[in-house]
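Structural characterization, general
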Amino acid sequence: MSVTMPVPDADVLARRDEIVAALRAIVPGEGVIASEREMRPYESDGLTAYRQLPMVVVLPSTTQQVSQVLAYCHARGIKVVPRGAGTSLSGGALPLGDGVLLGMAKFNRIREIDFDNRIAVVEPGVTNLAVSTAVADQGFYYAPDPSSQIACTIGGNVAENSGGVHCLKYGMTTNNVLGLEMVLMTGEIVRLGGKHLDAGGYDLLGIVIGSEGLLGVVTEVTVRILKKPETARAVLVGFPTSEDAGQCVARIIGSGIIPGGMEMMDKPAIHAVEEFVHAGYPLDVEALLIVELDGPQAEVDYLIGRVEAIAKECHASTLRASNSEEERLLFWAGRKAAFPAAGRISPDYYCMDGTIPRAQLPRVLARMRELSEHYGLGVANVFHAGDGNLHPLILYDSNKPGELDRAEAFGSDILRLCVEVGGVLTGEHGVGVEKRDLMPAMFSETDLNQQQRLKCAFDDKGLLNPGKVFPTLHRCAELGRMHVKAGKVAFPDLPRF
Amino acid sequence: MADIVTPRDANEVEAAVQWAIAQKKSLEIVGHGSKRALGRPAQFDATLDLSGLSGVTLYEPEELVLSARAGTPLAEIEALIAAKGQELAFEPMDFAPLLGGKPGQATIGGVLAANLSGPRRIKAGAARDHFLGFTAVSGRGEVFKSGGRVVKNVTGYDLCKLMAGSWGTLAAMTDVTIKVLPRAETEATVMLLGVDPGQAAAAMAAAMGSSGDVSGAAHLPAAIAGRAARDVAAGRSVTALRLEGVAPSVAHRKKALEELLAPYGALAALDPAPSRALWAAIRDVIPFAAGGPAGERHVWRLSTAPTQGAAAARLIGEQTEAEFLFDWGGGLVWAALAPSDDAGAAVVRGAIEACGGHATLIRAPAAVRASVGAFMPQPGGIAALAKRVKDGFDPAGVLGPGRMWAGV
C-alpha cells in the first residue's frame, strides 16, 4: 500500500544523536530506545500493511517526563507520534522516520476506584479489559468494549473514540469518559472535566476524545463505570435474505427495543466462522442475526418473546433463544471469531469500517457483490446492525502480485459507497492514514480547514501526529488568514425589523 | 435599538455573518430568545434571529435519527417523535419557569447550543451525547459541516461536542441532526421521605450502584419539597428515584429498589402520571420558579461529583442563606441564594473549587451578571485554550462576543 507521509526533516535527522541524548536526560534508563532492532516492534500498528521505523522510541513513566519530552520537541520542531498498545486498525500510531514515537505503555496503573461516584481514574496505558476486571468484584464494568479489549488501552480508546458491540445502548468512549489530564505539544499540562458531568465552558473534553492523537497526549482518564446487568440472553435468527434481516432489525428498533447488542453476518462470514468454531450456525441462510437483551430477568424474558415474534413476522427461517449462559456465549463465539476465521480461509484480509443508514444495507451488499466480482476478491461481512456500522473483510493474498493494491482499491470503493448512501467513512476505527485521502469524499475543503484550525488551537506548529486524518497539511498562519468578502453583501435584501 | 436580521435560509445566514465581519458588527444569535436572560449580559450591534429557519427535514424513526433546521421549535419535534413512541432521551429542561418567560419556546438549535439536559442525564447523557451532525456558518462567514446522519461516526473531530454548550459564540448553526430514542412504555418513582442531604446522597449512591437502572435520582429538602410534590412531602424532604421501561421490568426493579432503600427510612411511591409530573417539576426547577416563593432569589447551577453535592451545599449554606435542590444523584445542585450585590459568587465559586466541578449563575439581575459573570472563570491554561478555539472559529469576534466570558 502506498500513502504519502510528510517529508522527513533532514535537519532533525542530522541531529539525531543529540536528540537521543537529550531525551535520555529526560527519561533515563531503558525509557529511550534507539537501536534499529529494538525499535522494530514499533514500526507498525494493527494496520500492518504500513511500516516505518521511528527516529527514536521514548517510553515515559510520569506526566512530568511527557511534559518535558513534548516541550523539548516543540522547541526544536521535532514531530511526535503517540502510541498506546498499537492496535489501531487505521494506522493512527504509524511512526514517522523523523519523529519521536511516544509509547504510553508504562502508564499502566489504576489510580482510583470510586464506587459511590461510579468512576475509575486510570492511566492511559491500562487496557480496556483491565478496567472492567478491576471493578468486577463489586459487580461493575466499563461499558465500551472494542473487540481488541484484551490488548487495547484506554488512552488509545480516548484517541479513537472506540465503540464495541454494545455501544448502541451504552454509548462509545466519548459518552463514558468524564475527565482527562493531558499534555499539550508545548509541554503544558491541562485538566479537562473531572468526576462531574458536562463542561463549564467549551466542551474541550468532547473534542479531544476521537482526535486520533493530534491534539494532546493523555496522561490520565476518568471513566464512568456501570453496574453489570442482572442477566443477558441472546436470540440467534437466520433469514433467507439480507432484506428480511434488515427489516427485522428496523422492526425491533421501531417497536421501541434497544438491544444490548445486535450483530449481523452475511453468508460468507457465517460459513467461515461455522467451519472454524462450530457454533451451530445455520448454513442455509443468507443472513444471521444475534440479538442480545440485557437487564433484569423479567425484562429480558419479556423482550426475548417480543423479538422472537418480530423475527417470525420477518420470515425468520431459523430461530433459537439462549437458555443458559453457555448457550449465549456459544452464539457469540462465532461472531467473535469472525476475524480469525477470515484469516483461516484467506492468507490475508483487510478489515473495513464504514457506517450506513441501515435501510441502505441491501443496496450496499448488492453493490459489494458486484465490486467483489470486479476486483476478483472475496468479501465477508460482519455488521453492528443496530447502529449501521459495517465491517467488510476483504480477502486477499499479499504474496500474489497486485492483490494488495486491488484490496485497497476495493476498500476505498466500499467507503465511498458508504458516503454515497448517506453514511460515513469510519464508525469506530478512525481515519488515521488509512482513510486520510478519502476525507474529501465526505468533507469540503472548508470543512477540513475548519477542523485543522481547531488543531492549531492545540498544536500551533503541527508537530503532533502529522500526516494522519487530514489529506493536506496547512500552516496555522495560512489557515488563520481571513478574506473579508465585503463586496458580496446580500444583507440589504434580508428582512429587517 | 439594535437591528434584527431574520434570514430565511442558510445562504442568508452566511450573508448576514459576512456583513457583520465586513462592518465589524457583533451579532447575538437567537431562536425564540427563551435563554436570552442567561449568561453574561453584553451589548450586541445586531440580532441574528434564526427562528425563520424552521422545519423537520428528515425523520426516520427506525434509524433513530432526525434532522431539522436550527430554528425548529423543540415542541414541534417532541410532538412529532412522540407520535412514533420516541423522545429526546436527554430530557431537555425548559428555562422559562426559572427565568420568567413563556414555557415551550425553545428551538432545537438553542437546546443544542446550550447543551441542555434533564434528570435523565445520569443515564442517557446530555444534548451533546445525542448530537450527530450539523451545518453552520462560522464567524469567518464560511459554511461548514461536521458529523453525519448516522448514530455511529468517528470521521474527523467531533465538532458537535464543541458546538454543544458554546452558546452561539463559535458558529451559527443552520441545520442539525440528532439521535432520537424509544420512549419508555411506563415509569414509577420510589421515594424516601424525611432524610437529610447526606443520607439522601448515600441512598442515591446505593440505588445508582444497583442494577436497578435508575433514570432519575433527586433530593428535595423539606423546605422546598412541597413546591414540587405537596401531597407526598407533608413537610418532609423527598428523595425520588425514577424507574422507566417495560411494565414487567419496572415492577421487578421497583420491588428490588424498595428492599434496598427500606433501611434508610420511610418509603412511598408514585404511579406513572404523578411520577411524570414530579420529574417535570424537578427538570424545570419549579421550586425556584420566578413568581414563586423563591422567585426573587439568585439561582446557581453547580455540577460536581454526586457525593460532593451535599458538601458543596453545606459550604454555601454555612456562609449565606440559601435553598437547594439536588438532582443527578446529588451531582447537580440548584442553589437559590438570598439576593445580594454579587449573587454570592465568591461563596458559590469557593465551594465548587473545594468540591470540584463548575458553577453557573443562572438567574440574577443583568447588572449582577455583568459584574460577576455567569460562566465560571477558567484556569489560565484552559482559558487560553478556549480563547484560541474561539479565534479559530470566529477570529473577528462577531458571534456573541462576551456572552460566555469577557474578551471571548
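Here the residue index of a chain counts from 1 through its sequence in written order. Following the order in which they are written, the chains are lettered starting with A and the ligands numbered starting with 1. With pLDDT at 70 or above as the cut-off, local features in this predicted model cover only qualifying residues; side-chain atom pairs require 80 or more to be listed or tallied, and sums for whole chains, interfaces and linings still use all residues.

**Details of the overall build of chain A**
Looking only at helices and strands, chain A features 17 helices and 19 strands. Projected onto the principal axes, the alpha-carbon positions of chain A cover approximately 70 × 65 × 55 Å. Within chain A, contacts between residues separated by at least 24 positions form 72% of all contacts whose residues are at least 6 apart in sequence. Note on conventions: DSSP H or I runs of at least 4 residues are helices, E runs of at least 2 residues are strands, and numbering of each starts at the N terminus. We call two residues in contact whenever the C-beta atoms placed from their backbones are within 7 Å.

**As for the interface of chain A and chain B**
The interface is formed by 85 residues belonging to chain A together with 86 residues belonging to chain B. Put simply, the parts of the chain that give the side of chain A that touches chain B at least two residues each are α8 (204–208), α9 (242–254), α11 (297–313) and α16 (445–458) of chain A. With 8 residues, α16 of chain A is the largest single contributor of residues to the side of chain A that touches chain B. Looking at the side of chain A that touches chain B residue by residue, the classes come out as 38 nonpolar, 28 polar and 19 charged. Asp, Glu, Lys and Arg are counted as charged, while Ala, Val, Leu, Ile, Met, Phe, Trp, Tyr, Cys and Pro are counted as nonpolar; the rest, among them Gly, fall into the polar class.

**With respect to the domain arrangement of chain B**
Residues and elements named next belong to chain B. On domain assignment, one finds that chain B holds domain 1 (49–182), domain 2 (186–283) and domain 3 (286–364). Note: domain ranges come from an automatic or database domain assignment. For domain 1 and domain 3, the distance between their C-alpha centres works out to 27 Å. Counting residues at the interface gives 7 residues for domain 1, matched by 11 residues for domain 3. Secondary-structure elements contributing two or more residues to the side of domain 1 that touches domain 3 are α3 (96–99) and α5 (121–124). At 3 residues, the largest contribution of residues to the side of domain 1 that touches domain 3 is made by α3.

**Observations regarding helix α15 (residues 380–393) of chain B**
One less than the residue count of a helix, multiplied by 1.5 Å, gives the span that helix is expected to have. Its 14 residues give α15 of chain B an end-to-end C-alpha distance of 20 Å, which sits within 8% of 20 Å, the value for a rise of 1.5 Å per residue. Put plainly, a residue is buried at 20 or more neighbouring C-beta atoms within 10 Å of its own, exposed at 12 or fewer, and partly exposed in between, counting only other residues' C-beta atoms, which are placed from the backbone. The complete set of buried residues in α15 of chain B reads Leu385, Ala386, Val389, Lys390, Gly392 and Phe393 of chain B. Each buried residue of α15 of chain B lies within a common arc of 160° when the element is viewed along its axis, so the set occupies one face. On its buried face, α15 of chain B sits against β9 (189–193), α8 and α16 of chain A together with β7 (131–138) and β9 (171–179) of chain B. The directions considered for the arc run from the helix axis to the C-beta atoms.

**Description of unusual backbone geometry**
The bulk of non-glycine residues show a negative phi, and the bulk of peptide bonds are trans. Residues and elements named next belong to chain A. For His278, which is not glycine, the phi dihedral falls at a positive 50°. Within the element layout of this structure, His278 appears in the loop between α10 (267–277) and β14 (287–295). For His278, a count of 11 C-beta atoms within 10 Å puts it in the exposed group. Backbone geometry places Asn465, a non-glycine residue, at a positive phi of 50°. Inspection of the secondary structure assignment puts Asn465 in the loop between α16 and α17 (476–480).

**Remarks on the environment of Pro274 of chain B**
Here Pro274 of chain B is to be found in helix α11 (residues 272–283). Along the chain, Pro274 of chain B and Ile362 of chain B lie 88 residues apart, while their C-alpha atoms are 28 Å from each other.

**So, the sheet that holds strand β4 (residues 99–103) of chain A**
Residue and element names in this part refer to chain A. Pairing between strands is defined by DSSP: at least two bridges between the two strands are required. Spatial ordering of the open sheet is given by β1-β2-β4-β3, a layout of 4 strands whose pairing is mixed. With one partner strand each, in any of the chains shown, β1 (32–33) and β3 (79–83) form the two edges of the open sheet. Bridge count between strand β2 (residues 56–58) and β4: 3 bridges; the pairing is parallel. Opposite Val57, over in β4, you have Leu101 as the bridge partner. All axes are obtained by fitting lines to C-alpha atoms, using only the stretch in contact for helices, and the reported angles, taken between N-to-C directions, cover 0 to 180 degrees. Where helix α2 (residues 16–26) meets the sheet, it contacts β1 and β2, and its direction lies at approximately 10° from that of β2. Seen against the sheet, helix α4 (residues 63–76) touches β2, β3 and β4 and runs at an angle of roughly 165° to β4.

**What about the pairing of strand β10 (residues 217–224) of chain A?**
Strand residues, when the strand is regular, have side chains that alternate between the two faces of the sheet. Residue and element names in this part refer to chain A. Of all 8 residues making up β10, 8 are buried, and the element is well covered by its neighbours. Relative to β10, strand β6 (residues 119–122) runs antiparallel, the two sharing 4 bridges. Looking at the pairing, Ala120 lines up with Val223 of β10. Across 6 bridges, the pairing between strand β8 (residues 177–183) and β10 is antiparallel. Across the sheet, Glu181 pairs through a bridge with Glu220, a residue of β10.

**A closer look at the sheet that holds strand β4 (residues 56–60) of chain B**
Residues and elements named next belong to chain B. Reading across from one edge, β4-β5-β9-β7-β8 is the order of the 5 strands in this open sheet, with antiparallel pairing throughout. Either end of the sheet is taken by a strand with one partner, and the two such strands are β4 and β8 (143–147). Across the sheet, the mean angle from the axis of one strand to that of its neighbour is 15°, orientation sign disregarded. Here strand β5 (residues 65–69) pairs with β9 via 5 bridges, running antiparallel. The partner of Arg69 across the bridge, within β9, is Asp175.

**Re the environment of Glu299 of chain A**
By the secondary structure assignment, Glu299 of chain A is in helix α11. Setting aside its immediate chain neighbours within four residues, Glu299 of chain A contacts Gly245, Val246, Pro248 and Ser249 of chain B.

**Quick word on the environment of Arg475 of chain A**
Residue and element names in this part refer to chain A. Summarising the element assignment, Arg475 is placed in the loop between α16 and α17. According to the C-beta neighbour criterion, Arg475 is exposed, with 12 such atoms within 10 Å. Considering only alpha carbons, one finds Arg475 and Ala311, 164 residues apart in sequence, at a separation of 55 Å.

**Here's the deal with the nonpolar core**
Where a protein is soluble and globular, its nonpolar side chains tend to be buried together. Core analysis: the largest hydrophobic core is formed by 297 residues, its most contacted members being Leu289 and Ile394 of chain A together with Met163, Ala172 and Ala335 of chain B. Examining the composition of this core, we find that 8 residues originate from one element, helix α1 (residues 10–23) of chain B, more than from any other. Here Ile394 of chain A is in contact with Tyr349, Tyr350, Met352, Leu377, Val379, Ala407, Phe410 and Gly411 of chain A, once residues within four sequence places are set aside. In plain words, the nonpolar core is the set of buried Ala, Val, Leu, Ile, Met, Phe, Trp, Tyr and Cys residues that C-beta atoms within 7 Å link up.

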